[in-house]
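# Structural characterization, general
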Amino acid sequence: MKIEASDQTAVLNPRRQLIAGTIGHSVEFFDFLAYSYLAVYFASSFFPSSESSGLVPLLSAFGVFAVGFLARPLAGLFIGLFADRYGRRRALSLTISLMAGGSLLVAVCPTYSQIGVAAPVILTVARILQGLSAGGEYTTAGAFIVESAPAGRRGFYSSFMFVASGIGKLTCLAFITVFVALIGEDAMRDYGWRIPFAVGALAAIVAWYIRRGTQETLETTVSDEGAAPVSRNPLNALQRYPRQSLIVFAIATGMGVGQYFWATYLTTYFQIQNGASATTTMTVGIITLILYTLAQPVAGLISDRYGRKPCMYAFGVGTVIVTPFLLSITSSNFSVLICIQLIGLLLLSLCTSITSAVMVENFPPHVRVSGLGFPYSLSVAIFGGTVPLVATSLANAGYSQYFPWYIVATAIITLMGAIAVPETFRSDISGEES
C-alpha cells in the first residue's frame, strides 16, 4: 500500500474523523444537488423553449443532470482503485477538487443567447466533472467513515453519510429559498441562479483544506506486511467478488431512486403534479429534510442493535405498500405535502442510514472502495440519476400516473438485495476476507 509513513503512525480519532468526513460530504451534496433545485431557474438560459411544450427547457436541463450520473460508474472504478491503492484521504481530496471545478464552471458559464450551442456543452462538461466527483465521493467517504468507527458503532457512523447529505441538501435548499425571497423570481432567472454555484465552489475549497487534516484509515485495517497487493486492474474487485457486486447494485437501486425522488426531485414533482408553488414546496422540503436527517442516526443505532437486514426489509416492504397511495394524492395543501414527503423519507432513512456499512462490511479492505464504487455508481446512474428525467418525461407525455410504479419496482430490487446479503452487523471488517 502506498501510504505515507506519517499517516501510518498517526493516532486515529474516530470523532474527529467523523466530523471532517461529514463536513466534506455535506459540501459535495450542496454542490451536486444545487443543479436540481436551480434547474427551474436556469433551464431557459441554456436551452431554447419549444412552442409545443413549456417543459422542454426543464426536460433538457434534467437530461444534463442525468449525464452527470453517467460519469459516476467510471469514477467509481478509477477513483475507487486510487483510494484502495493510495488511501482514502487522497481520494477524498481529489473528489472535492473536481466538485469545486464543476461548480465554478456552472457559475461562470455564458448563456445560450451569448455563445449559442457552446453554452449547453460547457454546462454538460461541468456536470461530468461533478459526476466524476460524486462517483468517487460516496463510496470513498463511506469507507473512510465506517473504517473510522469504534466497535459496534459502524451503523451509527454509517448513518452520518446521510446526515451529511441531509445537511448539504438543507443548506442548499434554505440558501436558495432565502435568496429567491430576497431578490425575487425574475432576478433569480436572470442572474441569481449563479450565486449558489459560486458559493458551493468556495465551500468546496474550504472542505479540501479540512480534509487535509484527517488521518488515513486504510492502514488501520490493513498492514503493509499482511496486505494483498492492490491490482492495477479496475475490474479486479468485480471479477473476484461478483456476488457482492451484484448485491451492492441491487441495494443501491431502490435506495438511489428513493433518495433522488423523496429527498430531491419531490419539490419539482409537487409543482408539476400538485400545482403547488415553488415557495411552498421549498418550505415543505426544508421541514421534512430536517426530520429525515435527524432520523438517520436513530436508524443506524437500531441496525447496530438488531441488524442491517430488518431495516432494509422495512424500507423495501414499506415503500412498495405506501408509494402508489401517497403519489395519488393531488392536494397542494401545505400539511398534506409535508405528510407525503415525511412518510417517504422516514421509510428511506431505514436504508440510507446503513447503506455504507452494509457495502463496506461485504468487501475486504484491499478492494473495498473499488469493489463498491462501480456497482453502486452504475446503479445510481441508471436509476437514481434518471429520476428527474423519467418523471418529467412521463409528465410531458401525459403518463405521470405510471411513475409511482417505477419507484415500487426499484424498491423490490433493493428488497431482493436485502434478502441475498448476509447479516454483517457483527462481522470483522479488518481482515482480507469479509
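Above this note sits the structure.
So, a few notes on the structure that sits alongside this text. (Residues numbered from 1 in each chain as written. Predicted model: local features only at pLDDT ≥ 70, side-chain atom pairs only at ≥ 80, totals over all residues. Heavy atoms only, no water.)

### As for the nonpolar core
Worth spelling out the cut-off: In this description, a nonpolar core means a group of buried Ala, Val, Leu, Ile, Met, Phe, Trp, Tyr and Cys residues linked to one another through side-chain atoms lying within 4.5 Å. Each residue is assigned to one of three classes by its accessible area relative to the maximum for its type, calculated with a 1.4 Å probe on protein chains only: buried under 20%, partly exposed between the two thresholds, exposed over 50%. Helix and strand assignments come from DSSP, with helices taken as H or I runs of at least 4 residues and strands as E runs of at least 2, each series counted from the N terminus. Here a residue-residue contact requires only that any non-hydrogen atoms of the pair lie within 4.5 Å.
Counting residues in each nonpolar core, the largest one holds 101 residues, and the members touching the most others are Leu38, Phe42, Phe197, Phe261 and Trp262. The element best represented in this core is helix H13 (residues 242-273), accounting for 14 residues. Other than its neighbours up to four places away in sequence, phenylalanine 261 contacts Leu266, Tyr269, Leu327, Val387, Phe403 and Ile407. With 5 residues, the next largest nonpolar core counts Val27, Ile96, Ala204 and Ala207 among its residues.

### With respect to a nonpolar patch on the surface
What counts here: Patch construction takes residues with relative accessible area above 30% that form no salt bridge. Like charges are linked within 9 Å, and nonpolar side chains (Val, Leu, Ile, Met, Phe, Trp, Tyr) are linked within 5 Å. Only the protein chains shown count as cover for residues, with accessible areas throughout obtained via the Shrake-Rupley method and a probe of 1.4 Å. What makes a salt bridge here is a side-chain nitrogen of Lys or Arg within 4 Å of a carboxyl oxygen of Asp or Glu, nothing more.
On the surface, Ile287, Ile290, Leu291, Leu294 and Phe334 cluster together into a nonpolar patch covering about 420 Å² of accessible area. Residue contributions to the nonpolar patch peak at 4 residues, all from helix H14 (residues 278-306). Position of isoleucine 287 relative to the elements: it lies in helix H14. Classification of isoleucine 287 as partly exposed rests on a relative accessible area of 32%.

### Digging into the side chain of glutamine 259
For the record, the criterion: Here a polar contact is taken to be a pair of N or O atoms separated by no more than 3.5 Å, where protein atoms must pair a possible hydrogen donor with a possible acceptor and residues adjacent in sequence count only if both atoms sit in side chains.
Structurally, glutamine 259 can be placed in helix H13. Among the polar contacts listed, one links the side chain of glutamine 259 to the side chain of tyrosine 292, at a separation of 2.8 Å. Once you skip the residues sitting within four places of it in the chain, glutamine 259 turns out to touch Phe29, Phe162, Ser165, Lys169, Thr264, Tyr292, Leu348 and Thr352.

### Some details on H13
Basically, it comes down to this: The span one expects for a helix is its residue count, reduced by one, times 1.5 Å. Bend at a given residue is defined as the angle between two axes, one fitted to the seven residues that end at that position and one fitted to the seven that begin there.
The end-to-end C-alpha separation of H13 is 41 Å, well short of the 46 Å expected for 32 residues at 1.5 Å each. In the structure, H13 departs most strongly from a straight axis at tyrosine 265, where the bend amounts to approximately 70°. Burial analysis of H13 places 25 of its 32 residues in the buried class, which makes it a mostly covered element. Among the residues trailing H13, glycine 275 stands out with phi positive, at a value near 70°.

### Some details on the pattern of salt bridges
Applying the stated criterion across every chain yields a total of 8 salt bridges. A salt bridge links arginine 88 to aspartate 84, with the nearest nitrogen and oxygen atoms 2.8 Å apart. Judged on exposure class, the residue arginine 88 and its partner aspartate 84 are both buried. In this structure, arginine 211 engages glutamate 137 in a salt bridge whose closest nitrogen and oxygen atoms are separated by 2.7 Å. Here arginine 211, found in helix H10 (residues 194-212), pairs with glutamate 137, found in helix H7 (residues 118-147); they are 74 residues apart in sequence, far enough to count as distant. Comparing arginine 211 with glutamate 137, the two get one shared label, buried. The network of salt bridges with shared partners includes Asp84, Arg88, Glu147 and Arg368.

### A closer look at empty space enclosed by the protein
Condition: Cavity and pocket criteria rest on a 1 Å grid covering protein atoms alone: a 1.4 Å probe that fits but cannot get out defines a cavity, protein on both sides within 12 Å along at least 5 of 7 lines defines an open pocket, and an atom within 4 Å of a point defines a lining residue. Grid points are joined across faces, edges and corners, and a volume is the space filled by probe spheres set on the points. Only Asp, Glu, Lys and Arg are considered charged in this grouping, and only Ala, Val, Leu, Ile, Met, Phe, Trp, Tyr, Cys and Pro are considered nonpolar; every other residue, Gly among them, is considered polar.
Using the criterion set out here, one finds 2 cavities of 30 Å³ or more in the structure. A volume near 130 Å³ is recorded for the largest cavity. Looking at the largest cavity, it is lined by 16 residues, and the ones nearest its centre are Phe29, Arg72, Ala134, Tyr138 and Tyr260. Grouping the amino acids of the lining of the largest cavity by side-chain chemistry returns 10 nonpolar, 3 polar and 3 charged. The space that makes up the second largest cavity amounts to roughly 30 Å³. Taken together, Tyr265, Tyr269, Ile272, Gln273, Ala391, Thr392, Ala395, Ser400 and Phe403 make up the lining of the second largest cavity. Breaking the lining of the second largest cavity down by element, the ones donating at least two residues are H13 and helix H19 (387-397). Among the elements that take part in the lining of the second largest cavity, H13 stands out by supplying 4 residues, more than any other.

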